[in-house]
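Tertiary structure, described
Next come the chains, spelled out residue by residue.
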Amino acid sequence: MTNNTITLKVGERIEKPLCEIKSANTLVQLFFASTDKEWLKKILSDIRSHHPSAIIIGASTDESINGPQILESCATI
């Protein structure tokens, strides 16, 4: 099992696969701390492009926690 966490600032895109290991079972969890629906659509499109068989689950949030950072207006994947 591989766990990777990335945080995107407003407008940033996923440029490469979240994980280099190819797996038949991939779960992507997205915490979205923004009201920008177009940005959310682009992130989801990027995930599907890099990981077409992944199951994506997510939640909206006011803030996102990635390690010691607490951020607003971001997406943590």
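All of the points below concern the structure found in this document. Quick caveat, the model's predicted, so the values are computed rather than measured. (Residues numbered from 1 in each chain as written. Predicted model: local features only at pLDDT ≥ 70, side-chain atom pairs only at ≥ 80, totals over all residues. Heavy atoms only, no water.)

Section: the environment of Lys-41
Along the chain, Lys-41 turns up in helix H1 (residues 37-50). When the C-alpha positions of Lys-41 and Ser-53 are compared, they lie 17 Å apart, and in sequence the two are twelve residues distant. (Helix = DSSP H or I, 4+ residues; strand = E, 2+ residues; numbered from the N terminus.)

Description of a nonpolar patch on the surface
On the surface, a cluster of nonpolar side chains totalling about 300 Å² of accessible area is made up of Leu-27, Ile-55 and Ile-57. Residue position: Ile-55 is located in strand S3 (residues 55-60). Using a relative accessible area of 56% as the deciding quantity, one classes Ile-55 as exposed. (Patch = residues over 30% accessible without salt bridge, like charges linked within 9 Å, V, L, I, M, F, W, Y side chains within 5 Å. Areas by Shrake-Rupley, 256 points an atom, 1.4 Å probe, with all protein chains shown as cover. Salt bridge = Lys/Arg side-chain N within 4 Å of Asp/Glu carboxyl O. Buried < 20%, exposed > 50% of the residue type's maximum accessible area, 1.4 Å probe, protein only.)

Some remarks on the pairing of strand S2 (residues 27-33)
Direction of pairing for S2 relative to S3: parallel, over a ladder of six bridges. Paired with Gln-29 across the two strands is Ile-57, which belongs to S3. As a crossover connection, the stretch from S2 through H1 into S3 is right-handed. (Pairing = 2+ DSSP bridges. Right-handed = clockwise from strand over helix to strand, strands pointing away.)

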